[in-house]
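# Examination of the molecular architecture
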Amino acid sequence: MGKIVIISGPSGSGKTTVCKLLEKDQHVKKSVSATTRPPRHNEKNGESYYFVSAAEFEDMIQRKELAEYATYCGYCYGTPVKALKEALKNEILYLLEIEVQGALQIKEKFPEAISIFLLPPDKNTLGQRLIKRNTNKEDDMLLRLETADKELEFKDRYDYTVVNDDLDATVNTIRKILNLG
Ligand code: ADP
Ligand code: 5GP
């Protein structure tokens, strides 16, 4: 039986970077979410996300194809249930890089899921990392920083909180939590 691993944290806290490094392990796989957000220049459909229209997203909800879904900074995001169930049938650690509302829905449906909240060292660093990543327009970046305060209020509802200061140390800490050798 596989396991669900939820990774949440404010935009820029390092979720995508950390998940990519964890995915180097053959037992670890990351879920590909559906979203109505437009792709960033470095994102490929079917790899980073399934990029869908609002109508397509609504259809997915109606057809019960999503294990959870939420709206974040004006766009919809959801986890396809079929691939999740497939991963659980196998010995896979299935990473869900999702925001807090979705994480709560998953914990309710799958209480055995392990939840990890990734924290930036401080808010200043979070802002600098978002600027460095340079994938959001300024307005969007400010909205994401504002949203970070609300997201942080949920951190105590997670099984683990990890401060992503040094990247290698962060990945090692999470590998230990997940019992990856
Ligand atoms: P998220 O997926 O949480 O929005 P990203 O993984 O895109 O965050 O990381 C945001 C930016 O911060 C990226 O440019 C990434 O390279 C950088 N970053 C991530 N972790 C660290 C770290 N521990 N130290 C320095 N920079 C980091
Ligand atoms: P981004 O636009 O930066 O890729 O993602 C914005 C936020 O949506 C992040 O917090 C990310 O973890 C979250 N997210 C990505 N996919 C999903 C999903 O399938 N469900 C939920 N609830 N949140 C998601």
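Below is a short write-up of the structure.

A count of helices and strands for the protein gives seven helices and nine strands. Relative to the compact-globule value of 16 Å for 181 residues, the protein shows a C-alpha radius of gyration of 16 Å, a close match. Principal-axis analysis of the C-alpha atoms gives the protein an extent of 45 × 40 × 30 Å. Taken across its 181 residues, the protein has 50% of its residues classed as buried. If you take every contact in the protein between residues at least 6 apart in sequence, the share linking residues at least 24 apart comes to 69%. For the protein, the accessible area works out to roughly 10100 Å², and carbon and sulfur atoms hold 50% of it. Each charge class in the protein was averaged separately, 27 positive and 28 negative side chains, and the resulting centres sit 3 Å apart.

The environment of ligand 1 is made up of 16 residues, and the closest members are Gly12, Lys15, Thr16, Thr17 and Arg133. Contact between ligand 1 and Arg129: a nitrogen atom at 3.1 Å from a side-chain N or O atom of the residue. Contact distances for ligand 1 include 2.7 Å between an oxygen atom and a side-chain N or O atom of Arg133. Contact with the protein chains removes 81% of the 570 Å² of surface that ligand 1 exposes when unbound. Secondary structure elements with two or more residues in the shell around ligand 1: helix H1 (15–22) and helix H5 (123–133). Taken together, the residues of the shell around ligand 1 sort by class into two nonpolar, seven polar and seven charged.

Moving on, we come to helix H2 (residues 54–62). Because each turn of an α-helix spans 3.6 residues, side chains separated by three or four positions end up pointing in the same direction. Of the positions making up H2, those classed as buried are Phe57, Met60 and Ile61. End-on, the buried residues of H2 take up no more than an arc of 100°, which puts them together on one face. Facing away from the buried surface of H2 by more than 90 degrees, the exposed residues are Ala55 and Gln62. As for H2, its buried residues are in contact with strand S3 (33–35), strand S5 (66–72) and strand S6 (75–80).

Positioned with a positive phi, Lys64 is a non-glycine residue whose angle comes to about 55°. A positive phi angle, close to 45°, is found at Cys73, a residue other than glycine. Here Cys73 lies in the loop between S5 and S6. Residue classification places Cys73 among the buried residues on the basis of a relative accessible area of 18%.

Okay, the nonpolar core next. The biggest cluster of nonpolar side chains holds 19 residues, and the ones touching the most others in it are Ile4, Ile6, Leu84, Leu96, Ile106 and Phe110. For this core, the elements supplying multiple residues, two or more each, are strand S1 (3–8), helix H3 (81–89), strand S7 (93–97), helix H4 (100–109) and strand S8 (114–119). By residue number, the principal contributor to this core is H3, which donates four residues. Other than its neighbours up to four places away in sequence, Leu84 contacts Ile4, Ala67, Thr79, Tyr94, Leu96 and Phe110.

A few words now on the site of ligand 2. The full set close to ligand 2 counts 16 residues, and Ser33, Arg37, Tyr49, Tyr77 and Glu99 are the nearest of them. Gly78 is positioned with one of its backbone polar atoms (N or O) 3.1 Å from an oxygen atom of ligand 2. Notes on ligand 2: free accessible area 510 Å², of which the protein chains cover 96%. Contributions of two or more residues to the shell around ligand 2 are made by S5 and S6.

By the burial criterion, the buried members of helix H7 (residues 167–177) are Thr170, Val171, Ile174 and Ile177. Each buried residue of H7 sits inside an arc of 120° when the element is viewed along its axis, so together they form one side. For H7, the exposed residues lying more than 90 degrees away from the buried face are Asp168 and Lys176. Next to the buried residues of H7 lie H1, S8 and strand S9 (160–163). For H7, the capping residue at the N-terminal end is Asp166, with a side-chain oxygen 3.4 Å from the backbone nitrogen of Asp168.

Scoring rules and cut-offs
Residues numbered from 1 in each chain as written. Chains lettered and ligands numbered in written order. Predicted model: local features only at pLDDT ≥ 70, side-chain atom pairs only at ≥ 80, totals over all residues. Heavy atoms only, no water. Helix = DSSP H or I, 4+ residues; strand = E, 2+ residues; numbered from the N terminus. Rg over C-alpha atoms; globule rule 2.2 N^0.38 Å. Buried < 20%, exposed > 50% of the residue type's maximum accessible area, 1.4 Å probe, protein only. Contact = heavy atoms within 4.5 Å. Areas by Shrake-Rupley, 256 points an atom, 1.4 Å probe, with all protein chains shown as cover. Lys, Arg positive; Asp, Glu negative; His and termini not counted. Charge placed at Lys NZ, Arg CZ, Asp CG, Glu CD. Near = heavy atom within 4 Å. Polar contact = N/O pair within 3.5 Å; in protein donor to acceptor, adjacent residues only side chain to side chain. Nonpolar A, V, L, I, M, F, W, Y, C, P; charged D, E, K, R; others polar. Arc of directions from axis to C-beta. Core = buried A, V, L, I, M, F, W, Y, C linked by side-chain atoms within 4.5 Å.

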